[in-house]
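Report on the structure
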Amino acid sequence: MSATVVEREPLTMQATGASRGAIAVWLFVSAIALAVVGLIVAAPFAQAHGHPEFASPIYQAFSFVCHQIPERSFHLNGHQFGVCSRCTGLYTGFAVAALIYPLARSLKRTNTPSRVWLILAAVPLVIDFALTYFGIWQNTQLSRFLTGALLSSVAVFYILPGLVELSSAIVRRFDRDSAIETF
């Protein structure tokens, strides 16, 4: 009977460790996502308050991932955000969905929804882009923001489980290698 108890304790400890690992991944992803959104808004705020030395590196960093066209960007105090409205939607949607993820789905689950949901979430963005590209309809700041936010908020349900699984695999490998070294 004592052998059964000894076998159960490591399983419980592993489950607790896995839970802590999943929470750590969630907290890390959420913190990074919120920091990025914070920087998007911090750039125009800093610029408006006379701190171009702080704003300039933010704009420069975001220039590698966004076109930053002023007409397609939100503005704060007369200064444009660090990224365009669609990218603002992408980053904001990701951050909000990452924050509320544990309310919608267990952090322990590493399986992902059917890919059809990700494709369906991309359809409004593609339509919004295509209608403007072909001159059929002119999209707006709001349509760009919302279609970006929709896609990235759904993407969280694919990215976060993958990162949790990856971190679990790394921890298992590290634990296995540590166990081998002790012998």
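Each value, and the rule that gives it
- Here the residue numbers are simple positions, counted from 1 along each chain's written sequence.
- Local features in this predicted model are restricted to residues whose pLDDT is 70 or higher, and side-chain atom pairs enter the listing and the counts only when it is 80 or higher, whereas totals over whole chains, interfaces and linings include all residues.
- For the side-chain quantities, the full set of heavy atoms in the structure was used; hydrogens and water were omitted.
- By nonpolar core we mean a set of buried residues, namely Ala, Val, Leu, Ile, Met, Phe, Trp, Tyr and Cys, connected to one another through side-chain atoms within 4.5 Å.
- Partly exposed describes any residue whose relative accessible area lies between the buried limit of under 20% and the exposed limit of over 50%, with all areas from a 1.4 Å probe on protein chains only and scaled to the type maximum.
- Numbering of helices and strands starts at the N terminus; helices are DSSP runs of H or I of at least 4 residues and strands are runs of E of at least 2.
- On a range of 0 to 100, pLDDT expresses the predictor's confidence in each residue.
- The contact rule is simple, with two residues in contact once any of their heavy atoms fall within 4.5 Å.
- Only one rule defines a salt bridge in this text: a Lys or Arg side-chain nitrogen within 4 Å of an Asp or Glu carboxyl oxygen.

**A short note on the nonpolar core**
Ranked by internal contacts, the top residues of the largest apolar core, which has 15 residues, are V29, Y101, L107, V156 and L160. Looking at which element gives the most residues to this core, the answer is helix α1 (residues 2–48), with six residues. Counting 13 residues, the second largest nonpolar core, distinct from the first, contains I40, C66, C84 and C87.

**Some details on the confidence of the model for the protein**
The share of residues in the protein with pLDDT of 70 or more is 86%, and the mean pLDDT across the chain is 89. Confidence over residues 1–15 falls short of pLDDT 50; this stretch has zero contacts with residues more than four positions distant or in other chains.

**What to know about the pattern of salt bridges**
Scanning all chains against the criterion turns up two salt bridges. Among the ionic pairs, R86 bridges to D128, the shortest N-O distance being 2.5 Å. A residue pair is termed long-range when its members are at least 10 positions apart, and R86 in helix α3 (residues 85–104) and D128 in helix α4 (residues 115–133) qualify at 42 residues. The two residues R86 and D128 agree in class, both being buried. A salt bridge links R172 to E165, with the shortest nitrogen-to-oxygen separation between them at 3.4 Å. On the basis of relative accessibility, which here comes to 48%, the residue R172 falls in the partly exposed class. Overall, the relative accessible area of 34% leaves E165 in the partly exposed class.

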